[in-house]
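In case you want the letters, here they are:
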Amino acid sequence: MTDHGSDTLKTIPRSAAYALIGTVMGIGSPAGAILLRWAFGHEGHDLLPFFVQEWADHGFFFYYMLAGTCLAFGLFGYFLGKRTDLLLSRNITLSNEVLTDSLTGLGNHRFLHDVFKIEFRRHLATRQPISCIMMDLDHFKRINDTYGHPFGDYVLKHFAGLVRRSIRQGDTASRYGGEEFLCILPNCDMEEARAVAERIRKETENFPFLHNKRPVRVTVSAGTVTGYRRSGANYRNLIVLADQALYKAKHRGRNKVVQISLSGTKSRPRSK
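The rules behind these values
Residues numbered from 1 in each chain as written. Predicted model: local features only at pLDDT ≥ 70, side-chain atom pairs only at ≥ 80, totals over all residues. Heavy atoms only, no water. Phe/Tyr/Trp six-rings, centres within 6.5 Å; stacked < 30°, edge-to-face > 60°. Helix = DSSP H or I, 4+ residues; strand = E, 2+ residues; numbered from the N terminus. Buried < 20%, exposed > 50% of the residue type's maximum accessible area, 1.4 Å probe, protein only. Expected span 1.5 Å × (residues − 1). Salt bridge = Lys/Arg side-chain N within 4 Å of Asp/Glu carboxyl O. Polar contact = N/O pair within 3.5 Å; in protein donor to acceptor, adjacent residues only side chain to side chain. Contact = heavy atoms within 4.5 Å. Pairing = 2+ DSSP bridges. Right-handed = clockwise from strand over helix to strand, strands pointing away. Axes fitted to C-alpha atoms, helices over the stretch in contact; angles between N-to-C directions.

Asks: Just to check I follow, could you spell out the packing of aromatic side chains for this structure?
Replies: Aromatic rings in a pair are described by how distant their centres are and how their planes are angled relative to each other. With the rule as written, the count across this model stands at six aromatic pairs. Pairing phenylalanine 116 with tyrosine 235 gives two aromatic rings, centres 5.3 Å apart and planes at 50°, and the pair type is tilted. On the criterion of sequence distance, the pair formed by phenylalanine 116 in helix H6 (residues 109–126) and tyrosine 235 in helix H10 (residues 235–251) is long-range, its members being 119 residues apart. The pair formed by phenylalanine 116 and tyrosine 235 is uniform in burial state, with each residue classed as buried. Centroid distance phenylalanine 151 to tyrosine 154: 5.4 Å. Interplanar angle 35°. Geometry classified as tilted. Remark: tyrosine 154 and phenylalanine 151 occur in helix H8 (residues 149–166); sequence separation between them is three residues, near one turn of the helix. An aromatic cluster of at least three residues, connected via ring pairs, comprises Tyr147, Phe151, Tyr154, Phe207 and Phe209.

Asks: Which parts of the structure should I look at to understand H8?
Replies: Helical periodicity: at 3.6 residues per turn, an α-helix aligns residues three or four positions apart in one direction. Look at H8: 25 Å from first C-alpha to last across 18 residues, which is about the 26 Å you get at 1.5 Å a residue. All buried positions along H8 are accounted for by Phe151, Gly152, Val155, Leu156, Phe159, Ala160, Gly161, Leu162, Val163 and Ser166.

Asks: Could you clarify how one ought to interpret the pattern of salt bridges in this entry?
Replies: Charged atoms that come close allow side chains of opposite charge to pair. By the definition in use, this model includes nine salt bridges. When the shortest N-O distance is used, the salt bridge between lysine 250 and aspartate 136 registers 2.7 Å. Of this pair, lysine 250 sits in helix H10 while aspartate 136 sits in strand S1 (residues 130–137), placing them 114 residues apart in sequence. Its relative accessible area of 3% is what places lysine 250 among the buried residues. One salt bridge in this structure joins aspartate 171 and arginine 168, with 2.7 Å as the shortest N-O distance.

Asks: It is not clear to me how the side chain of threonine 219 should be interpreted in this structure. Could you clarify?
Replies: Relative to the helices and strands, threonine 219 resides in the loop between strand S5 (214–216) and strand S6 (220–227). Classification of threonine 219 as buried rests on a relative accessible area of 9%. Engagement of the side chain of threonine 219 in a polar contact is seen with the side chain of aspartate 138, the distance being 2.6 Å. If sequence neighbours within four positions are ignored, threonine 219 has contacts with Leu137, Asp138, Thr204, Glu205 and Asn255.

Asks: In this structure, what is going on with the pairing of S6? I would like to understand it.
Replies: Two faces make up the sheet, and in a regular strand the side chains alternate between them. Within S6, eight of the eight residues are buried, leaving the element largely enclosed by the surrounding structure. Of the two faces of S6, both are covered, the one formed by Val220, Ala222, Thr224 and Thr226 as well as the one formed by Ser221, Gly223, Val225 and Gly227. Where S1 meets S6, eight bridges bridge the pair, whose relative direction is antiparallel. Directly across from cysteine 132, in S6, lies its bridge partner valine 225. Here S6 runs beside strand S7 (residues 257–259); their pairing, made up of three bridges, is parallel. Pairing of alanine 222 across the sheet is with valine 257, part of S7. Taken together, S6, H10 and S7 form a β-α-β motif whose crossover is left-handed.

Asks: Sorry if this is basic, but what is going on with the sheet that holds strand S2 (residues 172–177) here?
Replies: Paired through backbone hydrogen bonds, the strands of a sheet run either parallel or antiparallel to each other. Strand order in the open sheet formed by five strands is S2-S3-S1-S6-S7, and the pairing between neighbours is mixed. Both outer strands of the open sheet, S2 and S7, are each paired with one neighbouring strand and no more. In this sheet, neighbouring strand axes are inclined to one another by 20° on average, regardless of whether the strands run parallel or antiparallel. Against the sheet, H8 touches S1, S2, strand S3 (180–186) and S6, its axis set at about 155° to S1.

Asks: Help me out: how do you make sense of the pairing of S1 in this one?
Replies: Most of S1 is tucked away: eight of the eight residues are buried. Residues Ile130, Cys132, Met134 and Asp136 of S1 are buried on one face, and the alternating residues Ser131, Ile133, Met135 and Leu137, pointing to the opposite face, are buried as well. Looking at chain direction, S1 and S3 are connected through seven bridges and run antiparallel. Bridging across to S3, serine 131 finds its partner in leucine 185.

None of this, on its own, says anything about what the molecule does.
Here you go:
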């Protein structure tokens, strides 16, 4: 379950939060001044009647103090928070640059491993299945050699969009390297994983990749594997097995989805 209250608080800019805190502090300044006057020389009077009398006698001064301190503290809080917002924004931007593939906008290799570790620990705790899909665009070197690298980049970018639209909310897609992509699918069994992979394969095959207004046929091969708590595999085993399944899909003619069992993790070279 998501804690929507805490998420809302996290989205409030520090500039607004600090300005609000400063304003609240400013509101207490007249009361603090009256309290100090009572503490230093008027302890014999009851506090509440003393407070009312002081406000009645010096109301303009206290209103002036109230407005001035609220404005001063609020502005101080705003500019302090603004500086914090800028620093946080820069940190987020740097983090995104480190973890994001600049061409496709998906997570990069480092991001993939960070997320997979977290999702795999959750998989062990909840005993829900976890699947991954390894994908490789077929004959991508030929596409680059025939149509040029700018078109190859165009294919990678639009394929990433197809993947993003084809996976479920809560799934993770990343660029594994070159023309290889990997998806992490938490709470996803074998049948669901195959369905997602087939959806990506069909969307890619039917997508109108255009070069000089002429369609270019692009296909993708995919290998899927599903881990269950009793399997004893770790997340790296799942990546190796998905890679083996992808190799089989390539070996069987490409533009296919192959699933592999969790038995055996010996890796083999793959053809492109």
